[in-house]
Structure formats: C-alpha cells, structure tokens
Amino acid sequence: MHILDDLNDAQLQVVTTTEGPLLVLAGAGSGKTRSVIARTAYLIEEKHITPWNLLVVTFTNKAARELKDRLSASLNLNVRSLWIGTFHSICTRILRKESEALPYTSNFSIYDDGDQKAVINRIYKDRSIDTKKFPPNKIRNIISRSKNSLIRPEDFFQFNDSNFYSDMVEDIYQRYQSHLLKNNAMDFDDLLMNTAFLLHDNPSRLQHYQQQFRYVMIDEYQDTNYAQFRIINLIAREHQNLCVVGDDDQAIYSWRGADIKNILNFEQDYKNVKTIKLEQNYRSPKVILNLANSLIKNNSQRHSKELWSALKSDEKPLLVRTDNENGEAKFVAKEIKALQRKGADLNQCVVLYRTNAQSRVFENAFTRQNLRYQIIGGVNFYQRKEIKDILAYLRVLINPQDNESFLRIINEPGRGIGKVSQERLIKFAGDANLSLREALFAVDQVSVGTSAFAKMQNFGRQMQKWIELSNEASVFECVSQLVEDLGVIRKFEASDDPQDIARAENLKEFIAAVDEFSESFVEDHEEEPTLQDYLQTVSLQTDLDNYDTESSSIKLMTMHNVKGLEFDHVFIVGLEDGLLPHNRSLELDSALEEERRLLYVGITRTRKTLQLCYAASRRIYNNVTMTMPSRFIRELDEECYERINNSFYEFQAPGGKKTKPPVTMESEKHFHIGQRIRHVTFGDGMILNVDGKGNKAKLTISFDSGELKRIIGSYVSLI
DNA sequence: TTAAGTATGCTTTTT
DNA sequence: GCATACTTAA
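Residues numbered from 1 in each chain as written. Chains lettered and ligands numbered in written order. Predicted model: local features only at pLDDT ≥ 70, side-chain atom pairs only at ≥ 80, totals over all residues. Heavy atoms only, no water.

### Description of the overall build of chain A
Then, in step 1: The helix and strand inventory of chain A stands at 28 helices and 24 strands.
Then, in step 2: Counting every position in chain A, which comprises 719 residues, the buried fraction comes to 54%.
Then, in step 3: Of the contacts made within chain A by residues no fewer than 6 positions apart, 73% connect residues no fewer than 24 positions apart.
Then, in step 4: Carbon and sulfur atoms make up 48% of the accessible area of chain A, which totals about 33,200 Å². (Helix = DSSP H or I, 4+ residues; strand = E, 2+ residues; numbered from the N terminus. Buried < 20%, exposed > 50% of the residue type's maximum accessible area, 1.4 Å probe, protein only. Contact = heavy atoms within 4.5 Å. Areas by Shrake-Rupley, 256 points an atom, 1.4 Å probe, with all protein chains shown as cover.)

### Examining the nonpolar core
Then, in step 1: Counting 62 residues, the largest nonpolar core has Leu55, Leu191, Val216, Ile218, Leu242 and Phe266 as its most contacted members.
Then, in step 2: Judged by nonpolar contacts, the second largest core, of 52 residues, contains Ile398, Leu436, Ala452 and Ile467. (Core = buried A, V, L, I, M, F, W, Y, C linked by side-chain atoms within 4.5 Å.)

### Side note on the packing of aromatic side chains
Then, in step 1: Under the criterion given, the structure shown has 18 aromatic pairs.
Then, in step 2: Ring plane angle 45° and centroid distance 5.7 Å describe the contact between Phe134 and Phe164, whose orientation is recorded as tilted. Placement of the pair is Phe134 in the loop between helix H5 (113-127) and helix H6 (136-148) and Phe164 in helix H8 (residues 164-182), with a sequence separation of 30 residues.
Then, in step 3: Exposure remark for Phe164: the relative accessible area of 61% places this residue in the exposed category.
Then, in step 4: In this arrangement the basic side chain of Arg152 is found over the ring face of Phe197, its NZ or CZ atom lying 3.9 Å from the centre.
Then, in step 5: For the cation-ring pair, Lys491 lies above Phe492, with the distance from its terminal atom to the ring centre recorded as 4.9 Å. (Phe/Tyr/Trp six-rings, centres within 6.5 Å; stacked < 30°, edge-to-face > 60°. Lys NZ or Arg CZ within 6 Å of the ring centre and 35° of its normal.)

### So, the protein's contact with DNA strand B
Then, in step 1: Taken together, the neighbourhood of DNA strand B is formed by 24 residues, with Arg354, Asn356, Val420, Thr542 and Arg584 sitting nearest.
Then, in step 2: Sugar plus phosphate: this is where 56% of the atoms of DNA strand B within 4 Å of the protein reside.
Then, in step 3: One of the side-chain nitrogen or oxygen atoms of Trp255 is found 3.2 Å away from a base oxygen of DNA strand B.
Then, in step 4: Within the side chain of Asn411, a nitrogen or oxygen atom sits 3.5 Å from a phosphate oxygen of DNA strand B.
Then, in step 5: Broken down by class, the residue content of the surface near DNA strand B amounts to six nonpolar, 14 polar and four charged. (Near = heavy atom within 4 Å. Polar contact = N/O pair within 3.5 Å; in protein donor to acceptor, adjacent residues only side chain to side chain. Nonpolar A, V, L, I, M, F, W, Y, C, P; charged D, E, K, R; others polar.)

### Here's the deal with the pattern of salt bridges
Then, in step 1: Applying the stated rule across the entire model yields 36 salt bridges.
Then, in step 2: Between Glu595 and Arg354 there is a salt bridge; the shortest N-O distance is 2.7 Å. Of this pair, Glu595 sits in helix H27 (residues 589-603) while Arg354 is found in the loop between strand S12 (349-353) and helix H16 (359-368), placing the two residues 241 residues apart along the sequence.
Then, in step 3: Classification of Glu595 by relative accessible area gives buried; the value is 5%.
Then, in step 4: Residue Arg354 is classed as buried on the basis of its relative accessible area of 18%.
Then, in step 5: Counted as one network, the salt bridges with shared partners bring together Lys32, Asp219, Glu220, Asp223 and Lys563. (Salt bridge = Lys/Arg side-chain N within 4 Å of Asp/Glu carboxyl O.)

### Some remarks on the sheet that holds strand S2 (residues 54-58)
Then, in step 1: On the basis of which strands lie adjacent, the open sheet formed by six strands has the order S3-S2-S6-S7-S1-S8 and parallel pairing. Looking at which strands have only one partner, the edges of the open sheet turn out to be strand S3 (83-86) and strand S8 (274-278). Geometrically, the sheet is characterised by an average inter-axis angle of 15° between neighbouring strands, direction not taken into account.
Then, in step 2: One ladder, built from three bridges, connects strand S6 (residues 215-218) with strand S7 (residues 242-246); its direction is parallel. (Pairing = 2+ DSSP bridges. Axes fitted to C-alpha atoms, helices over the stretch in contact; angles between N-to-C directions.)

### Topic: the packing of helix H1 (residues 9-16) against helix H2 (residues 32-45)
Then, in step 1: The N-to-C vectors of H1 and H2 enclose an angle of 40°; their axes lie 8 Å apart at closest approach. Classed by the angle they form, the pair H1 and H2 counts as oblique. Of the two elements, H1 crosses H2, and the hand of that crossing is right-handed. Between H1 and H2, the residues in contact are Gln11, Val14, Val15 and Thr16 and Ser35, Ala38, Arg39 and Tyr42, respectively.
Then, in step 2: Among the residues making up the contact of H1 with H2, the classes are represented as four nonpolar, three polar and one charged. (Parallel < 35°, antiparallel > 145°, perpendicular 65-115°, else oblique. Left-handed = near helix turned anticlockwise from the far one by under 90°.)

### Topic: the sheet that holds strand S19 (residues 642-645)
Then, in step 1: Taken in spatial order, the seven strands of this open sheet run S13-S14-S12-S15-S16-S11-S19, and their pairing is parallel. Each having just a single partner strand, strand S13 (373-375) and S19 make up the two edges of the open sheet. With strand direction ignored, the average angle separating the axes of adjacent strands in the sheet is 20°.
Then, in step 2: Inspection of the sheet shows strand S15 (residues 567-572) paired to strand S16 (residues 606-615) by five bridges, in the parallel sense. Opposite His569, over in S16, you have Thr609 as the bridge partner.

### Let's talk about unusual backbone geometry
Then, in step 1: In this chain, Leu580 is followed by Pro581 through a cis amide linkage whose omega measures 5°.
Then, in step 2: On the secondary structure map, Pro581 appears in the loop between S15 and H27.
Then, in step 3: A positive phi is found at His48, a non-glycine position, where the angle reads about 55°.
Then, in step 4: The backbone of Glu526 shows a phi angle near 55°, a positive value even though the residue is not glycine.
Then, in step 5: Tracing the chain through its elements places Glu526 in the loop between helix H25 (498-525) and helix H26 (531-539).
Then, in step 6: Looking at Glu526, the relative accessible area reads 59%, which means it is exposed.

### Some thoughts on helix H9 (residues 188-201)
Then, in step 1: Over its 14 residues, H9 extends 20 Å from the first C-alpha to the last, a length consistent with the 20 Å expected when each residue adds 1.5 Å.
Then, in step 2: Across the 14 residues that make up H9, a large majority, 11, are buried.
Then, in step 3: All of the buried residues along H9 are Asp189, Asp190, Leu191, Leu192, Met193, Asn194, Thr195, Ala196, Phe197, Leu198 and Leu199.
Then, in step 4: Sitting at the head of H9, Asp187 places a side-chain oxygen 3.1 Å from the backbone nitrogen of Asp189. (Expected span 1.5 Å × (residues − 1).)

### So, the side chain of Asp189
Then, in step 1: Topologically, Asp189 is positioned in helix H9.
Then, in step 2: No salt bridge is formed by the buried Asp189; the nearest opposite charge belongs to Lys147, separated by 5.7 Å.
Then, in step 3: Discounting chain neighbours no more than four positions away, the residues touching Asp189 are Gln116, Ser144, Lys147 and Asn148. (Lys, Arg positive; Asp, Glu negative; His and termini not counted.)

### Quick notes on helix H17 (residues 385-398)
Then, in step 1: With 14 residues, H17 ought to run about 20 Å at 1.5 Å a step, and its terminal C-alpha atoms sit 20 Å apart, in line with that.
Then, in step 2: Across the 14 residues that make up H17, a large majority, 13, are buried.

### Topic: a negative patch on the surface
Then, in step 1: Together, Asp515, Glu516, Glu519 and Glu523 make up a negatively charged patch on the protein surface.
Then, in step 2: On the secondary structure map, Glu516 appears in helix H25. (Patch = residues over 30% accessible without salt bridge, like charges linked within 9 Å, V, L, I, M, F, W, Y side chains within 5 Å. Charge placed at Lys NZ, Arg CZ, Asp CG, Glu CD.)

Shown next, in the form of structure tokens:
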C-alpha cells in the first residue's frame, strides 16, 4: 500500500504499532513528520478508524496545517472532522464547546502578553504596589509557571511557603485571575489549565473525550509541560492508545514550563510501553551529524542513542571569526551572494541566532546587498499596535465583557475621551455593575459631564452600528467597514513619517489576510467563518504560521523558532559566551545543557552547508564589548570543521582594495535634488524633491527598487 | 485634553 | 538603540 512505501523498518513499526502506549525517540531529520503522517493515514485507511476518533497534537499551527493538507490531499477526507492542532488550539476548541461547565461563556477573549501586562499594571496601580520590590515580569512568570503546574490561586500556599513576598504574589495572582474572569478572558496558560481541570472535575465530560479520542498522538513530546501531560494522561487513561514522538536532545522549552522528564519517564508513566528509536538521519551529511554528535554528547541527561547518516559531502562546516557584528553580517551576506551565484535559492538559506535583537545588523547588510529577506518571530504581525487596536475592536464586538480591549480603543483613534472621562465611565460602570461596553450605552450626562457625554453618545452610536454589522455581515465586510469607518489607513497615509506609511501598509495587508482567512476557512469547513472563528485563529497564530515558504527570500529566526524545519544552507551566528550560551544560563548546569541542545537543534537543520560565526567584539546596549568565543566551540570535534579568520573583512573590498567605511556627520546633511541617499529598509535611491532643511527635511525619493516614498531627512544617510 | 518632549528600562527564548 | 511611559507646556 502506498502509505507504507519508502519507509524504513523502524518507521514502519511506528506506523503499524497502533495499540497501546508507544514511545518514539526520533532523532533530528529521522523522518518523524513522515512517520506521523503515515501513521495517521494508516489508522484511517487500514484500521478504518473514523478521523473524528483521532487526536493529533503538533507543536505549531504550521505543522498542524501541513499535516491536514497532506492528509486531505492523499485520503480525500473532510478536514473539519480532524482534531489536529496545537495544545492551545485544541484546548480552545474544547473550552468553547464545554463552556456550560465553566464560569466563562463560549465567546471568551484570549489575552496575549501585552494584555496580560496591561491587566497586571492596572492591579499594581489600584493597589499601589511597588514595581521595584515586586517586578511585574517576575510575578507574571510565577503566575504562568503556577498555571502550567496546575496551581490555581487557591492552591498557591499548598506549594509555596507564606512570607512577605509570596503573600503578595498570591494576592496579585488572585486579583489577576478574577480580573480575567470578569472580562470573560483567558490567557494562554488558562487554556491549558482550565482544560485540565475541566476534564479532571467533570467525569461525564472526561468520559466523552476518552471515548472520542481513541487514538492519541503527540509530537515534540519533550517540550510538554505538566498541564499538557495531565490533559493527555486523563484522555488516554482509558484506552491507552497513546503515541508520543520526541527527542530529548531537542528539548528547548523548559523556561516555558516544559518538563523533559515527561519524555524521559514515559516508560514509567505508562504500562507495557513499546519504544522505537529512529536513528537514521536523512537530512544532513555525515560530517555535520558528527559535529552535532560531538557537541550533544557533553549533555548528561539523555536517552542513549546514536544518530547516523549515509549522506556524503565534500564540504566541511566552517567556523568563522569576524571583528564585530557588522563584519559577521557582511560576511554572511557575501556568502549568500556567492551561493546565489551558484544557483542556490535564497529560500534555502537561513540565519539562526539566539536573540531576536541580533536580526537588525543582518537586515541592514542584506538590504545593502539587495538580498531579499524575511524575519520570522520578533514582533509578531498581530502584536503591532495598529493591528492590535483593530483586533481589540473586534473583541469588544463579540465579547461585551472585555473591558481591557474596550479601554484600548475608547480613545483610539482619538475621539477626545481622555483619561478623566475614562475614569468617570469606569466609576459609573463599577457602581452600576456593568461592563464598560454596557456602561457606554447606559451612562448619563451627570456622571461624565456634558462634553464627554456627547462624545460617548457619538461613540455609542458607532459601536451600535458595528455590533449590528458583526452580527449580519461577513468577517471580511465587517473588518473592512470598521477600518474604513475609523479612517486609520487614510490618516497614516497622509503622514510624512515612514513608520506611519508602514502602518498603513500593515493595515492593508491585515485586511487582505482576513480575506484570505475567510477563503481558506470556507474551503475547509464549507461555511463562512464567524468573527469568533477569526479571532480565535488569530490569537493563537504565530509569525511562523504565516511565513511564506514560496517567496524567494533569506529567512532569519531564532534557534527556538527553527525547530522542525530544514534548510540547505544554515548560518548560525553569535556563537559567543554570553549569547550562546546566554548570560542568564551560565549558572545552572541544566540551563547550560538546554543552551547546548539549542545549538544542536540549529546545527541539525542543515541539509548541505553549515557556517558557524562569532565576532570578537559586539555592540551590546550601546557600547562595544569584547567577547569570548562560545564554550561550545571547544566541544566540537575539530575533525569536523574548518576555521576561517575573517578579521578586517569589512575594510576589504572584494578586489582586495582597502576602502574606508562611509561616515556621515549629521551636520553634513544638506540635501539637494538629484543626490543619492540610503535608507535602512528601502535601500538606495535618488532625491527628487526637498522640502525643508537638514534632518527635518521632507524628501521625495525614488528608490532603486522602483518605490517612490516621502521620507524625513533623519531616516536617510548620504552615500 | 493633547501633543511634543524627556526619561527609562530593556533583551533570552514563545504558545 | 528603541519603544514605551511619564512629564510638561499650550
């Protein structure tokens, strides 16, 4: 049968061992994804299991999407009935369905980081808590970890001693949680925690899902946390048909509560576990795998396994030293240019770094070299202010209780309802026990004053219109009408600030994305999506999920984000002590081991060539710091790589001529028509018109890319 | 009430 | 080196 074609013995076993607990230790590049797809297909085709009886949990939405696409293509089945998704999306689906058993209603909002911070800030203000003594981020972290360990506010002191500090944490946690409940909102961690408690506390609901999910498969099991472990443990307890796939050498999410013991102890957690190891790597050449092995063998906590490859390669990985981060970026740009000349697709080149902040110099270098690139991660598209504002409007439309979102939009764009008036409305709402949206319609002149009242009436009328729109019109119509009514695109386009121009572009892209979403939703589900369907998808979406595999551009991302992907040409940069391993991981051995695994993940993405880079100095914050090469470099087998010293690279033009780096004094900036200039994102161009003087001049520029932009002098440099 | 100007703190990593 | 949060002037 075609599903089983081209599988090796171990993979075949994974596919056909359908009954009972199964642990698959799948090394990097060992055909894990193929096996999971084949196994799912096998269960449906050969074992005649209804798709509805399967539960497949992936690590990213993108992986879920791919799995669905491949299955629906090869098996011709209805994707709607498949329960394939991330823990978060599957939990959301369950929670919306089971809202009757919960204190939330099914239209609950999902709060991200920013919303969390806003709620915490409000609590700090209300209670005048000292942010120095109780750093909000630390508290947020404790709350998150508690939730991932299924410790509710009321359970807090069962696991923590009572003292000055923890008393405060408990108090904030308590308030935070009731604040969210009042807003009918859950944060990411709630999605998991509430699902775990729902199943635990409701035998009939548990039984329902136990019966439904007769076969359960979990990918990237090494990165599951306790809440996730419990959810699966409860569901699979009855039938025991649980297959977990993972690689302890690729566990990189302990800081998010993931517990590597979940995979290390699987054989103790379940009875009669069958274990299969996938040790043949089909991705990387021998020499790269040997390099990776020489690194990872320095870790103490791991399942023993030996990953091997039959692929040969003449090219050894390179270890490259440069003077500083700019030299590093230039070197990578030059190398990629060379690869491009040899016919390589930019799409198959990836730059991997430890922290998102490292991407900037590469952006500059690639722009100068006219290389297309795409950054994955960092600031998520949906986290940008202009987009989040629109999303907040949508949330208020479907969840009237969502005060957090309401406060975000009440004066955005400005409608003259300032802080004072907002406080009055909040007071009014509190006294009348209404949500802010309800209060907007009920408020009277006496409570907020004449002028604010008129403005609120106005806003209320608009709001009423949008509410009706959201009930009647399609998601696309609703969103585009809303954006039109707010007039934000026009506002941004009229601005001189290039950032505002970018915002207008983002909003247009956003509306196009809504359209795209609706189309593919109709394809999958044979019905129009609701606004709620849309918001749910968007809140759980990451940058990785909508990254463009088609467009020919270099990809830049963190080593965390690259998990599960592969590229022909891999550049790992910033291999310095303090960056990789990161400063904050130097103390603890277990943290250090995780950093090592992170590098291991990076190396094992390689299909053809690998280059490891470090810089002798690096600008951190605002000053230049001397760096030490990463301690991990010493662990690499010297037989497996070649060293290159690329010092002074940046002063050396391709022909060997010495050139001076261009220096422009700010005071020298006198712009004139016809002058050549350079812009960080748009590249080089020529000035067509000058309005004003020096840095404040408004320039009309024709860029070499063909784009015509109006830009302020301070954003461009002379060349 | 808002806009412009100033201070600060931030950097691991993400669903 | 940037974005956000806060302060000040109009």
